[in-house]
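A look at the structure
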Amino acid sequence: MTTSGLTAADLTAADLEDDPHPHLARLREHEPAAWIPALGGRLVTSRALALRVLRDAGTFTVDDPRFSTAQVVGPSMLSLDGPAHTRHRDPFARPLRPARTRERFTAFAEAEAARLVAALAPAGRAELRGELAGPLAVAVVAEALGLDGVDAAVVRSWYGAFVEAVSAITAGGTAPQRAAEAYRLLTAAVEDAITASRPGSLLAEAARDEAGLTTAELVANSAILMFGGIDTTEGMIANAALHLLGHPDQLRLVLDDPALLPATVEESLRLEPPAAVVDRYATRDTDLGGTPVRAGDLVRVSIAGANRDPAVFPDPGRFDVRRHNAAAHLAFAHGPHFCFGAPLARLETRAALTALLGRLPGLRLDPDRPARPRGLVFRKPPQLDVRWDR
C-alpha cells in the first residue's frame, strides 16, 4: 500500500509530525490498522476501529511498562486500567463534573482571558499561543490544583519537559534529563499544595479522598492533569483560533451569530485534535478489521485519523462551524479513559475566543508569519501570530 508515494513501512515519525492527514487518509482507506515500523506498532485510523480499541480496556490496555507517559511520570490514571484506574481517577474526576466545573471556573476563566487580551490590545499584534493560550491554560490549572505562588513560566517549563519526554519516547527515543528535574520541582509544589489545603484545591481534596492516594501518586496524576489541562488545552485554544481566523467565511458566521461558538470549538477539535495519538497494548491475540493483532502488540489510535473519517464526517478536511455532527469527534478519547477535563477545556477555549473576537477589532492572521499545526502526539502551531486594528 502506498501513501503519497510511501508505503506504510516507509513512513517515518517526521512524516506524521509534519502533515499527517494525507498519509492517514490513505492508511484509513487501504489498511486502517497498518503496521508502522517507525512507530513500533499498529496505527488505527478509522473511527469504527478507534472506538473499538478505546472502549475495550480488557483487550487493549494502557497498563503496560512501555506506555510512554508512565515512563515519564510513573503509574497514574492515564496508565492504569480496572480498579486501580478508578482509584487514581475518581478523586480528581468528581470535582470536575460539568455543573461543578461551570460553577467553579467560568468566572475565573473569563476574567483571566479578558485580562490577558486587554494587556495585548494596545500592541496591535501578538503571538497567541505564547501570550494567550498558554498563560490562560497555566492559570486555570494552577488555580484548580491550588498551586498558589508558583510562577506561570515555571509551571510551563515543567509541562514542557514532560511533553518533550513523552514525544521523544513515542518517536522511539529517550526522555531528556530535564524531565526528571521538572518532576522533582513538581513534587515539592504538590506537597506544598496539599499542606496548604487551599479552598477549591483539587490536590487537597484528592489527598483527603478515601482512595488514599500517596504523595507520589498525587504527583503523577498532577503531571497528567498538566498534559490535559495545559498542553492540550493550549493546543485546543491555538488550533481553534487558527482555524477560525484562517477561514474568513466561517469567522463571519461566528461574528454574526456568537451562538455558533460552541460548535466552532467542536469542529476545530474534530479537524485537528491537540492530542493526536493515544497508545494501547493488546492483552491477547485478536484482530482489527481483519488484521491480526498479537498479544503484546502496541496499538496506536490515531485520533487525528478517526476524526477525519469520511464514513462519519463528509468532506472531512473542510472546516465547517455548522457541521451537524462535529461533536462526534474523539478528541477527548472515549471509554474508561475519556478526558474528564473536557468541560473545563471547552470553557477555557470559549472564553479565549470570546475575549479575542470581542476586544480585538479586525483580528486576523499575520500574513508575514504563516502558521500551521505540527507534532506527532501533541499537535498545535509552534507560534500563532496575529494582528488587529488598534
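Residues numbered from 1 in each chain as written. Predicted model: local features only at pLDDT ≥ 70, side-chain atom pairs only at ≥ 80, totals over all residues. Heavy atoms only, no water.

1. Side note on the packing of helix H8 (residues 152-170) against helix H9 (residues 178-196)
For any two helices packed against each other, the geometry is given by the interaxial angle and the distance between the axes. Short version of the rule: Axes here refer to lines fitted to C-alpha atoms; in helices the fit is confined to the stretch in contact. Angles between the N-to-C directions go from 0 to 180 degrees. Going along the chain from the N terminus, every DSSP run of H or I of four or more residues is numbered as a helix, and every run of E of two or more is numbered as a strand. Roughly parallel refers to an angle under 35 degrees, roughly antiparallel to one over 145, roughly perpendicular to one between 65 and 115, and oblique to any angle outside these ranges. The sense of a crossing depends on the near helix, which, turned anticlockwise from the far helix by less than a right angle, makes the crossing left-handed and, turned clockwise, makes it right-handed. Any pair of residues with heavy atoms lying within 4.5 Å of one another is described as a contacting pair.
As a packed pair, H8 and H9 sit with axes 9 Å apart at the nearest point and diverge in direction by 135°. The angle between H8 and H9 places the two elements in the oblique class. The interaxial crossing formed by H8 with H9 has left-handed handedness. In this structure, H8 uses Ser157, Trp158, Gly160, Ala161, Phe162, Glu164 and Ala165 to contact H9, whose residues at the interface are Arg178, Ala179, Ala182, Tyr183, Leu185, Leu186 and Ala189.

2. Description of the pattern of salt bridges
Counted only if it meets this: Any Lys or Arg side-chain nitrogen located within 4 Å of an Asp or Glu carboxyl oxygen qualifies as a salt bridge. Note on classification: 1.4 Å probe, protein chains only; a residue is buried when its accessible area is under 20% of the maximum for its type, exposed when over 50%, partly exposed between these limits.
Counting across every chain of the model gives 30 salt bridges. Between Asp231 and Lys380 there is a salt bridge, with the nearest N and O atoms lying 3.2 Å from each other. Residue Asp231 is located in helix H11 (residues 215-245), and its partner Lys380 is located in the loop between strand E11 (364-365) and strand E12 (385-387); the two are separated by 149 residues in the primary sequence. The burial state of Asp231 is the same as that of Lys380; both residues are buried. A salt bridge links Glu272 to Arg379; its shortest N-O distance comes to 2.8 Å. Of this pair, Glu272 sits in the loop between helix H13 (261-271) and strand E7 (277-282) while Arg379 sits in the loop between E11 and E12, and the two are 107 residues apart along the sequence. Classification of Arg379 by relative accessible area gives buried; the value is 2%. Each of Glu17, Asp18, Arg372 and Arg374 takes part in salt bridges that share partners, so that together they form one network.

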